[in-house]
Amino acid sequence: MHRKVALILSLTPIKPIKSGMQNTIFLLQKYLKKKRILCKFVNVKNLNEIDPVVNLKFEKNTFKNIDKAIKTSKPNFIFVNTSKLLYIYKDLLLNSNKQFKTILVAHDLYHFRKKYFKKISIIDKTPLSNNNEIKVIKKSNYVIDISYEEKKYLLSQRISNKKIIFTKTPVELKKKSKFTKKFDFVYLGSNWRQNILSLNYLYKKLIIKFPNMKFLVLGMNKISGYKNNVIFKTFKKNFLHNCNYGLAFIEYGSGRNVKIFEMMSFGIPVVTNKKLSTYGLKENIHYIFASNIGDCISKISKISHDKNLRKKISKNCLLWISKNSYYLKAFKKLEKII
């Protein structure tokens, strides 16, 4: 029997994983390999450090490289990371003669992401209009990796529900063995602009008010001027075993909040200003909700030494992750199309 082939086109490399977008692509490839699908990967290098899709500039031979990868691998499916990448190469990926299924890995539709650009006063020199984004999604076979809000938007734009495969937020499952006192809180980030702005905001408004607590920042370059109770480390998952709580109060940002679910996958209770009820998560059962920065300060003061609460939420969030976001289950819905 002919072995099926999948080609993955991504704006970010598979490794090292430095963002939620990379995490999704990494786990997608891992899942496909477990299903005995031969995976080919093309890193379509973008030349900016602000955001994955802003001001996209590609190497001159990118079109030829993608075309060559398609002709040599003869894929059954092509997974395209972001609607902007799909739009730029629509003539190659969505032509009427294509012999493969095109699947958009949305990870933030541009319609939603440009609101973030406006908020931080970034002008995208390669914008994508709402109409063009919807056009390429309608021409693609399927779209995955979207939020509930994005799904609602797509349905309002007359995108067929049959095209939408809701994969929630895929993560690996790494059970946290025990609670320690090495770090009180962990903040997961990357060097994308949105993460730097959020962390700077948190430091000035919140972290500085807790000088006796230790805050671990994973995945970001060290920022000068921070006190010694904030420790910056290169992203390594084993560091998460040394953290009692996760901090995901997002002042500036877009993104699918993958890092919230990743912290939960280690059994780390997360304090966040993101409502997660649409995913079926309950406040004070699976996570801790803080409506504003003042509420976040109050919650941290109350929970920082509550070991029983940590154990309760840790147990519940691990159980939820194992049933819903563990990547082997999150991507299971792909079986009907691959």
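These lines cover the structure that appears in this document, whether it is placed above or below. (Residues numbered from 1 in each chain as written. Predicted model: local features only at pLDDT ≥ 70, side-chain atom pairs only at ≥ 80, totals over all residues. Heavy atoms only, no water.)

1. Structural notes on the sheet that holds strand β12 (residues 288-289)
Working step 1: As summarised here, the arrangement of the 6 strands in space is β9-β8-β7-β10-β11-β12, forming an open sheet in which the pairing is parallel. Two strands close off the open sheet at either side, each with one partner strand: β9 (230-233) and β12.
Working step 2: As defined by bridge partners, strand β7 (residues 183-188) adjoins strand β10 (residues 243-248) across 3 bridges and the pair is classed as parallel. Residue pairing for β10: Phe183 is matched across the bridge by Cys243.
Working step 3: Helix α8 (residues 193-205) contacts β7, β8 (215-218), β9 and β10 of the sheet and is inclined by roughly 150° relative to β7. (Pairing = 2+ DSSP bridges. Helix = DSSP H or I, 4+ residues; strand = E, 2+ residues; numbered from the N terminus. Contact = heavy atoms within 4.5 Å. Axes fitted to C-alpha atoms, helices over the stretch in contact; angles between N-to-C directions.)

2. Points about helix α2 (residues 62-73)
Working step 1: A rise of 1.5 Å per residue sets the reference length of α2, with its 12 residues, at 16 Å; its end C-alpha atoms lie 16 Å apart and thus fit the reference within 8%.
Working step 2: Considered for burial, the residues of α2 that qualify are Thr62, Ile66, Asp67, Ala69, Ile70 and Ser73. The arc that holds the buried residues of α2, viewed along the axis, is 160°, so those residues lie on one side. Those residues of α2 that are exposed and aimed more than 90 degrees away from the buried face are Lys64, Lys68, Lys71 and Thr72.
Working step 3: Packing partners of the buried residues in α2 comprise β1 (5-10), β2 (38-43), β3 (77-81) and α4 (90-93). (Expected span 1.5 Å × (residues − 1). Buried < 20%, exposed > 50% of the residue type's maximum accessible area, 1.4 Å probe, protein only. Arc of directions from axis to C-beta.)

3. Section: the pattern of salt bridges
Note that side chains of opposite charge can pair when their charged atoms are close.
Working step 1: Taken as a whole, this structure holds 8 salt bridges when the rule is applied.
Working step 2: When the shortest N-O distance is used, the salt bridge between Lys299 and Asp295 registers 3.4 Å. Taken together, the positions of Lys299 and Asp295, both in helix α10 (residues 293-303) and 4 residues apart, correspond to about one turn of that helix.
Working step 3: Assessed through its relative accessible area of 23%, Lys299 is described here as partly exposed.
Working step 4: Between Glu335 and Lys332 there is a salt bridge; the shortest N-O distance is 3.6 Å.
Working step 5: Overlapping salt bridges bring together Lys35, Lys332 and Glu335 as one network. (Salt bridge = Lys/Arg side-chain N within 4 Å of Asp/Glu carboxyl O.)

4. Some points on helix α1 (residues 20-34)
Working step 1: The end-to-end C-alpha distance of α1, which contains 15 residues, comes to 21 Å, matching closely the 21 Å that a straight helix rising 1.5 Å per residue would cover.
Working step 2: Most of α1 sits inside the fold, with 12 of its 15 residues counted as buried.
Working step 3: Looking one or two residues beyond α1, the residue adopting positive phi is Arg36, at roughly 60°.

5. Here we look at the side chain of Glu262
Working step 1: Relative to the assigned elements, Glu262 resides in helix α9 (residues 258-264).
Working step 2: Judged by its relative accessible area of 6%, Glu262 is buried.
Working step 3: The residues contacting Glu262, other than those within four sequence positions of it, are Asn23, Val171, Leu188, Phe235 and Lys237.

6. A look at a positive patch on the surface
Working step 1: A grouping of Lys182, Lys214, Lys233 and Lys236 is seen on the molecular surface, where their side chains present a positively charged patch.
Working step 2: By the element assignment, Lys214 lies in the loop between α8 and β8. (Patch = residues over 30% accessible without salt bridge, like charges linked within 9 Å, V, L, I, M, F, W, Y side chains within 5 Å. Areas by Shrake-Rupley, 256 points an atom, 1.4 Å probe, with all protein chains shown as cover. Lys, Arg positive; Asp, Glu negative; His and termini not counted. Charge placed at Lys NZ, Arg CZ, Asp CG, Glu CD.)

7. Description of the nonpolar core
Most often, soluble globular proteins have nonpolar side chains that are buried together.
Working step 1: In this structure, Leu9, Leu93, Leu154 and Val186 are the most contacted members of the largest nonpolar core, which totals 65 residues.
Working step 2: If one sorts the elements of this core by residue count, α9 sits on top with 4 residues.
Working step 3: When sequence neighbours within four positions are dropped, the list of residues in contact with Val186 reads Leu216, Leu218, Leu240, Cys243, Tyr245, Gly246, Leu247, Met263 and Ile268.
Working step 4: Formed by 30 residues, the second largest nonpolar core is a distinct cluster that contains Phe185, Tyr187, Tyr226 and Cys296. (Core = buried A, V, L, I, M, F, W, Y, C linked by side-chain atoms within 4.5 Å.)

8. Describing the packing of aromatic side chains
Working step 1: What the rule picks out here adds up to 14 aromatic pairs.
Working step 2: Centroid distance Tyr31 to Phe331: 5.7 Å. Interplanar angle 45°. Geometry classified as tilted. Of this pair, Tyr31 sits in helix α1 while Phe331 sits in the segment after α12 (327-330), and the two are 300 residues apart along the sequence.
Working step 3: Relative accessible area serves as the criterion here: at 1%, Phe331 is assigned to the buried category.
Working step 4: Their ring planes at 35° and their centres at 5.8 Å tell us that Phe261 and Trp320 sit as a pair that is tilted. One end of the pair, Phe261, is in helix α9; the other, Trp320, is in helix α11 (residues 307-324), and 59 residues separate them in sequence. The two residues Phe261 and Trp320 agree in class, both being buried.
Working step 5: Among the aromatic residues, ring-to-ring pairing joins Tyr148, Phe166, Phe261, Tyr279 and Trp320 into one connected group.
Working step 6: Between Lys90 and the ring centre of Tyr87, over which it is positioned, the NZ or CZ distance is 4.2 Å.
Working step 7: If you follow Lys275 out to its NZ or CZ, it ends over the ring of Phe289, 4.4 Å from the centre. (Phe/Tyr/Trp six-rings, centres within 6.5 Å; stacked < 30°, edge-to-face > 60°. Lys NZ or Arg CZ within 6 Å of the ring centre and 35° of its normal.)

9. Points about the pairing of β7
Working step 1: The element β7 is largely enclosed, with a buried count of 6 among its 6 residues.
Working step 2: For the handedness criterion, the β-α-β arrangement of β7, α8 and β8 is classed as right-handed. (Right-handed = clockwise from strand over helix to strand, strands pointing away.)

10. Structural notes on the environment of Lys139
Working step 1: When you line up the elements, Lys139 lands in helix α6 (residues 130-139).
Working step 2: Sequence spacing of Lys139 and Gln194 is 55 residues, and the spatial spacing of their C-alpha atoms is 31 Å.
Working step 3: Dropping the residues within four chain positions of it, Lys139 is found in contact with Leu94 and Lys163.

All we've got here are geometric facts, nothing functional implied.
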